[in-house]
Amino acid sequence: MKHLFIINPAAGSSDHTMEYSSAIRTACGARRLKYEIRVSMGPGDCARIARAAAETGEDVRIYACGGDGTLNEIVTGIRGFPNAAVTAYAGGSGNDFVRMFDNPTAFSDLDQLLNAQERSFDLIRVNDDYAFNICSVGLDARIGTDVSGYKRIPLLQGFRAYAVSTVVNVVRGIGEHYVLEVNGETIDGEQTMICVCSGQYYGGGFHPVPEADPTDGRLEVLVVKKVSRLQVPRVIGKYKAGKYRQLESLIRHFTTDSLTIRCDRPNPINLDGELRFAQDIHIRIAPEKIRFFYPTTANLKIKETAQVQ
């Protein structure tokens, strides 16, 4: 088996290529593993490198050395190749994907990450793009995709960057008109945001649906009605903590495998922190599964619905 480490120097607040490379050479050299280190040269390069490795047909484990955006790019690259597996060698500014494991720090420890177990994870298809964790439309998408512009400002890491982006985007405007079709129901009206989850965490620690399971072939959808600026802090607080059931008059929850959102004009879509625009948005569980490997010292945290509140 080959171990391929793809480093994204743009992930996080600074370039960690040297630190990654040193740790990789030490750990893999000690184990006499067959490995390769590649460094992304720009947007899209992580996906290109990953796909080229998968196309060889060789059994390969690929390590996304960066944050959630790096992982998304590599997952997109290996989609449809059963010989390729992926994990997160966490070093970005968010690293939200690995928070749904009970030992997320293990993803920053290469010795633990090299002792791996594996499961098949779901992939979300959004028009012709993909999300591995969470996608969203509306205020949430504007906030999430603007976060990267704040993360490189000193002291604005993780949730702080998300909080600043939230304030800025709330001032810009909250509601948007959407026509949502889900589970045979049509919802036509102004909404604050629509969040579609396969994973559990995003935005530097937001945990909207704690019962979301990336292996069950289902999407957890939260539809947040248009709220006033005065309501935003309360709604965001409950939403962030996964207590959406305490706001049933404002937040509706659906479990489905597909949905459609029609917008009055092209709207921003947040795909694991990556920005896309579309007016007609088709979201569904992709037919392809992703082989995800993770330390034997970590396990998925999935809360039962009855325990969430």
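Structure: see above.
Rules used throughout
- Residues numbered from 1 in each chain as written.
- Predicted model: local features only at pLDDT ≥ 70, side-chain atom pairs only at ≥ 80, totals over all residues.
- Heavy atoms only, no water.
- Helix = DSSP H or I, 4+ residues; strand = E, 2+ residues; numbered from the N terminus.
- Buried < 20%, exposed > 50% of the residue type's maximum accessible area, 1.4 Å probe, protein only.
- Contact = heavy atoms within 4.5 Å.
- Areas by Shrake-Rupley, 256 points an atom, 1.4 Å probe, with all protein chains shown as cover.
- Pairing = 2+ DSSP bridges.
- Axes fitted to C-alpha atoms, helices over the stretch in contact; angles between N-to-C directions.
- Expected span 1.5 Å × (residues − 1).
- Arc of directions from axis to C-beta.

Novice: Now, about the overall build of the protein: what can you tell me, with residues and values included?
Specialist: Helices and strands together make up the secondary structure of the protein, namely 8 helices and 15 strands. Looking at the 309 residues of the protein, the share that counts as buried comes to 55%. Sequence-distant contacts, at least 24 apart, represent 75% of the contacts inside the protein between residues at least 6 apart. Of the roughly 13000 Å² of accessible surface on the protein, 49% is carried by carbon and sulfur atoms.

Novice: I'd like a rundown of the sheet that holds strand β3 (residues 60–66), residues and numbers included.
Specialist: Taken in spatial order, the 6 strands make up an open sheet running β2-β1-β3-β4-β15-β5, and their pairing is mixed. A strand with exactly one partner marks an edge of an open sheet, and here the two such strands are β2 (34–39) and β5 (116–121). Strand-to-strand, the axes of this sheet are offset by a mean angle of 25°, without reference to chain direction. As defined by bridge partners, β3 adjoins strand β4 (residues 84–90) across 7 bridges and the pair is classed as parallel. Note that in β4 the partner of C65 across the bridge is Y89. Strand contacts of helix α1 (residues 17–31): β1 (2–7), β2, β3 and β4, with the helix running at about 175° to β2, the strand carrying the most contacts. Its contacts with the sheet place helix α2 (residues 45–55) against β1, β2, β3 and β4, and it is angled at close to 170° to β1.

Novice: Tell me about α1, and name the residues and values.
Specialist: The end-to-end C-alpha separation of α1 is 21 Å, in line with the 21 Å expected for 15 residues at 1.5 Å each. All of the buried residues along α1 are T17, Y20, S21, I24, A27 and C28. The arc that holds the buried residues of α1, viewed along the axis, is 150°, so those residues lie on one side. Exposed side chains of α1 directed beyond 90 degrees from the buried face belong to M18, R25, T26 and A30. If you follow the buried residues of α1, they end up packed against β1, β2, β3, β4 and α4 (110–113). Of the residues trailing α1, R32 is marked for its positive phi of about 55°.

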